[in-house]
Amino acid sequence: MEIEGIAAGSVPFAMTEVLSRGKRMVVRVVLLQAGCAALVASVFLVFKGAHQALAALVGGLIVAAGSAVFGWRVFKPGIAGGATLTAALYAGVALKWLWFAIALYLAIARLKLDAAPLLIGVVVAQLGYWVGLIRLK
């Protein structure tokens, strides 16, 4: 019996392919978010100055790092049961939001970065997430 051109005995390897595709998607999303952060920082550098550009870059990189933490935690169990994967998903979301809260606090309260460019960097980098989910054939 064959499933989509693969012998039934090698189905576990097909699951490994799903896992590797998921990890590649996380890398693609994080790189797109970092690229969006660099793009918005470049725009701020040209039109507003270095301090605002730094704030926008930091905001975008906060989002990219949050996505990396989320992806790392979600794919850490590998191929596992539904309960394990659900727990990994919830842990990933919790870690991502904890990272956001701490990083935004440090950026605004401790580093004294401008809030508006920082939040614009956050929003623009989030666009990289949505673009990264698009799968081109």
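That block above? That's the structure.
Presented here is an overview of the structure given in this document.

Once that is clear, we can look at the overall build of the protein chain. Looking only at helices and strands, the protein chain has four helices and two strands in total. Secondary structure elements in the protein chain, listed N-terminal to C-terminal, are β-β-α-α-α-α. When burial is assessed residue by residue, the protein chain has 28% of its 137 residues classed as buried. Excluding contacts between residues fewer than 6 apart, the proportion of contacts in the protein chain whose partners are at least 24 apart in sequence is 70%.

Core analysis: the biggest nonpolar cluster contains ten residues, these being Ala 55, Ile 62, Val 63, Phe 100, Ala 103, Ala 107, Leu 113, Leu 118, Val 122 and Ala 125. The set of elements that each furnish at least two residues to this core consists of α2 (50-75), α3 (82-110) and α4 (115-132).

It is worth spelling out the packing of α2 against α3 at this point. Running from N to C, α2 and α3 cross one another at 160°; their axes reach a closest spacing of 8 Å. Regarding the angle of α2 to α3, the classification is roughly antiparallel. Considering only the axes of α2 and α3, their crossing is right-handed. Packed against α2, whose contacting residues are Val 58, Ile 62, Val 63, Ala 65, Gly 66, Val 69, Phe 70, Trp 72, Arg 73 and Val 74, the element α3 presents Ala 88, Leu 89, Ala 91, Gly 92, Val 93, Leu 95, Lys 96, Trp 99, Phe 100, Ala 103, Leu 104 and Ala 107 at the interface. A breakdown of the residues in the contact of α2 with α3 according to their chemical character gives 18 nonpolar, two polar and two charged.

Calculation criteria
- Residues numbered from 1 in each chain as written.
- Predicted model: local features only at pLDDT ≥ 70, side-chain atom pairs only at ≥ 80, totals over all residues.
- Heavy atoms only, no water.
- Helix = DSSP H or I, 4+ residues; strand = E, 2+ residues; numbered from the N terminus.
- Buried < 20%, exposed > 50% of the residue type's maximum accessible area, 1.4 Å probe, protein only.
- Contact = heavy atoms within 4.5 Å.
- Core = buried A, V, L, I, M, F, W, Y, C linked by side-chain atoms within 4.5 Å.
- Axes fitted to C-alpha atoms, helices over the stretch in contact; angles between N-to-C directions.
- Parallel < 35°, antiparallel > 145°, perpendicular 65-115°, else oblique.
- Left-handed = near helix turned anticlockwise from the far one by under 90°.
- Nonpolar A, V, L, I, M, F, W, Y, C, P; charged D, E, K, R; others polar.

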